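One-letter residues, chain by chain:
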Amino acid sequence: MLFLVLLCGIVGMKLLLGLSWVDAMFYTITTLATVGFEAPPNLTPEGKLFMVALILTGFGVMGFAVGQLTHYFLVDRVLVALGRRRDRVLDKLSGHWVLCGLGRVGTQVGIHFTEDRVPFVAVEVDETACQAALDRGWNVVHGSATDEETLRMTRVEKAQGLVATLDNDADNVYVVLCARAQKKDLRIVARANDPHAATVLYRAGADKVINPVLTGATAIAAVATKPKMTEFLHALADTTRKLDLEFDSLRLAADSPLAGKTLAEADLRRTLDVLVLAIARDDQSRYNPPGDYRLQGGDELFILCKQDHMGELRRLISGPA
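Model, not experiment: these values are computed from the prediction.

Quick look at the domain arrangement of the protein chain
At step 1: Assigned domains of the protein chain: these are domain 1 (1-85), domain 2 (94-216) and domain 3 (227-318).
At step 2: A C-alpha centroid distance of 56 Å is found between domain 1 and domain 2.

Shown next, in the form of structure tokens:
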């Protein structure tokens, strides 16, 4: 539109006022820019009417063009750049956790994830909670976790697991159903505010359901009746954190080089400084297994290992890619 107005002004001044092409372009631009130069010479009545039409039309088009250009460069481009930066971060996520809800429980889960260096992306509908999470440096998707499209933005199909910590049990059930539909082998941990909701969440597809009230009551009772044991467990947790130790459970692949070997032959303690605490096989667990215990594919190993060695241990347990 701006180019068309300029073209009409130049051609009109050339034909109606007899100006040269350079003068016609000069007076057209100065007129539309409203810089206050003198009027073109040799103005006829027809030329004056043309100038009036050019000024009225050009003023509206110039105002519209300047507004659109300003919005494009100062608003749209900034928002697109920020959006692309956020999308690139989310596009790289794989093997992460999806944290649905940043209330009191969800925020504490996020803090623990951060301390344990577990990659995750949070989903929260409240803008204040989202901003607080962004200030912590967390990856956040603003929206409702009960919306399938919002859940898909977290790349849940590439995630390792999902934690549903919404305040409403019905919302948690819906999140579990949607997440399970998008990835069948997703590890799902859900919060149950009502004891009766736990059964529904398990039926919806949750792998583990936690009731914060019951869990908190159990912890309080343990502190009251078994103070020494509780203090020991807290001290153990603090010690493992300070020494960069990690408790974990890993399932041995059938094609792992460790399959068929005894623990002594695998020699995990010497090579990777790994302590095998227990081995689960066929719904039976063997605690403190001896050195002649022979490993099989499908065994679940409960181990204590330095965090620096976890990557190499996982590759060894999972077998060749």
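What to know about the pattern of salt bridges
It is possible for side chains of opposite charge to pair when their charged atoms get near one another.
At step 1: Applying the stated criterion to the full structure yields 8 salt bridges.
At step 2: In this structure, E265 engages R294 in a salt bridge whose closest nitrogen and oxygen atoms are separated by 3.8 Å. Of the two residues, E265 is situated in helix α11 (residues 263-266) and R294 in the loop between β9 (284-287) and β10 (300-306); the sequence distance between them amounts to 29 residues.
At step 3: A relative accessible area of 47% places E265 in the partly exposed class.
At step 4: Among the residues examined, R294 registers a relative accessible area of 44% and is labelled partly exposed.

A look at the pairing of strand β4 (residues 161-164)
At step 1: Residue alternation in β4 divides its side chains into two sets, G161 and V163 and L162 and A164, and both sets are buried.
At step 2: Examined bridge by bridge, β4 and strand β5 (residues 187-191) share 4 bridges and lie parallel to one another. The residue bridging L162 from the neighbouring strand is I188, located in β5.
At step 3: Note on the crossover from β4 through helix α7 (residues 169-182) to β5: the handedness is right-handed.

Quick word on helix α13 (residues 307-318)
At step 1: The terminal C-alpha atoms of α13 lie 17 Å apart, and with 12 residues this matches the ideal 16 Å at 1.5 Å per residue to within 8%.
At step 2: If you check which residues of α13 are buried, you get M310, L313 and I317. On an axial view of α13, the arc spanned by its buried residues comes to 75°, and they lie on one face. Projecting away from the buried face of α13 at angles above 90 degrees are the exposed residues D308 and R315.
At step 3: Packing partners of the buried residues in α13 comprise β7 (245-251), α12 (268-272) and β10.

Let's talk about the pairing of β5
Along any regular strand the residues' side chains alternate between the sheet's two faces.
At step 1: Across the 5 residues of β5, 4 count as buried, placing the element largely inside the fold.
At step 2: As paired elements, β5 and strand β6 (residues 208-210) share 3 bridges and run parallel to each other. Of the residues in β6, the one forming a bridge with A190 is V209.
At step 3: At this point the chain moves from β5, through helix α8 (residues 197-204), to the parallel β6, and the crossover so formed is right-handed.

Criteria and cut-off values
- Residues numbered from 1 in each chain as written.
- Predicted model: local features only at pLDDT ≥ 70, side-chain atom pairs only at ≥ 80, totals over all residues.
- Heavy atoms only, no water.
- Domains from an automatic or database assignment.
- Salt bridge = Lys/Arg side-chain N within 4 Å of Asp/Glu carboxyl O.
- Helix = DSSP H or I, 4+ residues; strand = E, 2+ residues; numbered from the N terminus.
- Buried < 20%, exposed > 50% of the residue type's maximum accessible area, 1.4 Å probe, protein only.
- Pairing = 2+ DSSP bridges.
- Right-handed = clockwise from strand over helix to strand, strands pointing away.
- Expected span 1.5 Å × (residues − 1).
- Arc of directions from axis to C-beta.
- Contact = heavy atoms within 4.5 Å.

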